[in-house]
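Residues per chain, in single letters:
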Amino acid sequence: MIIVMKFNATAIEVAAVIAYIRNAGLTEHVSRGAELVIIGAIGDEDALNLARFEMLPGVERVSRVTKQYRIVARDTHPAGSVVKIRGIALGGPQVQVFAGSSSIENAAQMSALAQGIVAVGCSFLWGDIAQTQDGPYQLQGNEHDNLSLLQSVASQYKLPFSAELLDLQMLDDLMAHDVDLIQVGAGHMQNRILLKELGRINKPILLRRGHAATLAEWLMAAEYIAAGGNHHIVFCEHGARALGSEGRNVFDVASIAWLKQETHLPVVVDASSAAGKSWLVPPLAQAAVAAGADGLWLDVHPNPNAAWRNADQSLDLQQLTALLSTLRAIAPALNRTI
């Protein structure tokens, strides 16, 4: 921990900080400049209360040296981790594609979707079982029925599938349906009670970034899950809230490279939610793969014009095929495959 004293800090104030460090069982390293005194606390930082330091007279600012997210940090696994989702590797040389729909309408629509994505080489199916809307008077999905339909179609086409956990009451239902990848939406990224509960189960978790969350806060949310014993975690970047009407979200492509540097866990990009428009999905997906993403999350519909939800951002199967063709040209430059 580094403690920077104010330029006019007195010798008594400096001595008080040193005494606090020693009382906690650590040692100090003092650097005295022409105007500032900087004190380094050497030892276990967890023994020190950062807020207590900031309250001491004469202290300008305090910063940690070690990361608070220890389990998910790349330091603990420099080579990078591979998360297995029903035997399929995420985080290895192959960039996996999660294709699905936020518009679960009926068995025929979902079967056509599953058949189409299998034909073009996608390995995962997802569906928005709640079909979440902005207002309570809009179309709402029946979570249990949609989950059963999603499981049935996935089983028919031998696809791993993913569904979102909206609250703890749904967890038993998701486990009973043997969901292969449990999603945590942006609104629950910092729901610590939910995150701790997910740490107790043996299921891969896809953790979406909160719309206003910093990257460090995102990693700390993953740390809550990992601290409970579940290390099968996947990060999903889907963009921050847009400031204008040009797109649905602002895609933070730099977050991919940052995460690949800071954590050993796989990173997936939801290019559809980041784009908000189907014509924007391909360039964002291409940028994500170029930046090092381990997977892509795409909204696909057999007939987007008839989709109940998110029609604007949904690709049809022909557009999906064309996108995968371009991605397969980009991936080899990064020693990856699609």
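The structure under discussion appears in the preceding block.
Residues numbered from 1 in each chain as written. Predicted model: local features only at pLDDT ≥ 70, side-chain atom pairs only at ≥ 80, totals over all residues. Heavy atoms only, no water.

Undergrad: Which residues make up the sheet that holds strand β2 (residues 27-32), and what values do they have?
TA: If you trace the 4 strands from one edge of the open sheet to the other, you get β2-β3-β1-β4, paired in antiparallel fashion. In this open sheet, the two edge strands, each paired with only one partner strand, are β2 and β4 (59-63). Between one strand axis and the next, the sheet turns through 20 degrees on average, direction left out of account. Relative to strand β3 (residues 37-42), strand β1 (residues 2-5) runs antiparallel, the two being bridged by 3 bridges. When the sheet's bridge partners are listed, Val4 is paired in β3 with Ile38. (Pairing = 2+ DSSP bridges. Helix = DSSP H or I, 4+ residues; strand = E, 2+ residues; numbered from the N terminus. Axes fitted to C-alpha atoms, helices over the stretch in contact; angles between N-to-C directions.)

Undergrad: Quick one: what's the story with unusual backbone geometry, residue by residue and with numbers?
TA: Even without being a glycine, Lys158 presents a positive backbone phi close to 55 degrees. Considering the arrangement of structural elements, one finds Lys158 in the loop between α4 (143-156) and β9 (161-165). Its relative accessible area of 69% is what places Lys158 among the exposed residues. Even without being glycine, Asn335 reaches a positive phi, approximately 60 degrees. Looking at the secondary structure, you find Asn335 in the segment after α11 (317-330). Taking relative accessible area as the criterion, Asn335 reaches 69% and is therefore assigned exposed. (Buried < 20%, exposed > 50% of the residue type's maximum accessible area, 1.4 Å probe, protein only.)

Undergrad: Account for the pattern of salt bridges, naming residues and giving values.
TA: If you walk through the whole model with that rule in mind, you get 11 salt bridges. With its nearest N and O atoms 3.0 Å apart, the salt bridge here joins Asp252 to Arg209. Linking Asp252 in the loop between β14 (249-250) and α8 (254-262) with Arg209 in the loop between β11 (205-208) and α7 (215-227), this pair joins segments that are 43 residues apart in sequence. Relative accessible area serves as the criterion here: at 25%, Asp252 is assigned to the partly exposed category. Salt-bridge contacts for Lys277 lead to Asp312; the nearest nitrogen and oxygen are separated by 3.5 Å. On the criterion of sequence distance, the pair formed by Lys277 in the loop between α9 (271-275) and α10 (281-291) and Asp312 in the loop between β16 (295-299) and α11 is long-range, its members being 35 residues apart. Residue Lys277 is classed as partly exposed on the basis of its relative accessible area, which comes to 32%. Taken together, the salt bridges that share partners define one network made up of Arg209, Glu237 and Asp252. (Salt bridge = Lys/Arg side-chain N within 4 Å of Asp/Glu carboxyl O.)

Undergrad: Please provide a residue-by-residue account of the environment of Pro302, values included.
TA: Looking at where Pro302 falls in the secondary structure, it is placed in the loop between β16 and α11. In this view, Pro302 contacts Gln109, Ala112, Leu113 and Asp316; residues no more than four positions away in its chain are not counted. (Contact = heavy atoms within 4.5 Å.)

Undergrad: Just give me the short version of the packing of aromatic side chains, but keep the residues and values in it.
TA: Counted under the stated rule, the structure contains 5 aromatic pairs. One aromatic cluster is present, formed by Phe98, Phe124, Trp126 and Trp297 through successive ring pairs. A cation over an aromatic ring shows up here: Arg52 above the ring of Tyr20, its NZ or CZ 5.5 Å from the ring centre. Note that Arg208 overlies the ring of Trp297, its terminal NZ or CZ placed 5.4 Å from the centroid. (Phe/Tyr/Trp six-rings, centres within 6.5 Å; stacked < 30°, edge-to-face > 60°. Lys NZ or Arg CZ within 6 Å of the ring centre and 35° of its normal.)

Undergrad: Give a detailed account of the nonpolar core, specifying residues and quantitative values.
TA: Counting 72 residues, the largest nonpolar core has Leu125, Leu207 and Leu298 as its most contacted members. Element by element, the count of residues in this core is highest for α7, at 7 residues. Aside from chain neighbours lying at most four places away, what touches Leu207 is Val184, Met189, Leu195, Trp218, Ala221, Ala222, Val234, Phe235 and Cys236. Of all hydrophobic cores here, the second largest spans 16 residues; its members include Ile3, Leu26, Ile39 and Leu56. (Core = buried A, V, L, I, M, F, W, Y, C linked by side-chain atoms within 4.5 Å.)

Undergrad: Describe the pairing of strand β8 (residues 124-127), naming the residues involved and giving the relevant values.
TA: Residues Phe124 and Trp126 line one face of β8 and the alternating positions Leu125 and Gly127 line the opposite face, and both faces are buried. Relative to β8, strand β7 (residues 96-101) is paired through 4 bridges, and the arrangement is parallel. Paired with Ser101 across the two strands is Gly127, which belongs to β8. Between the parallel pair β7 and β8, the chain is carried across by helix α3 (residues 107-119), and the sense of this crossover is right-handed. Where β8 and β9 come together, 2 bridges link them in parallel fashion. From the neighbouring strand, Leu125 faces β9, where its bridge partner is Phe161. (Right-handed = clockwise from strand over helix to strand, strands pointing away.)

Undergrad: An account of the pairing of β16 is needed here, citing residue identities and associated values.
TA: For β16, a buried count of 5 out of 5 residues is recorded, marking the element as mostly surrounded by other parts of the structure. Residue alternation in β16 divides its side chains into two sets, Gly295, Trp297 and Asp299 and Leu296 and Leu298, and both sets are buried. Pairing of β7 with β16 involves 5 bridges; the strand directions are parallel. Looking at β16, one finds that Gln96 is bridged to Gly295. With 3 bridges connecting them, strand β15 (residues 267-270) and β16 associate as parallel partners. Paired with Asp270 across the two strands is Trp297, which belongs to β16.

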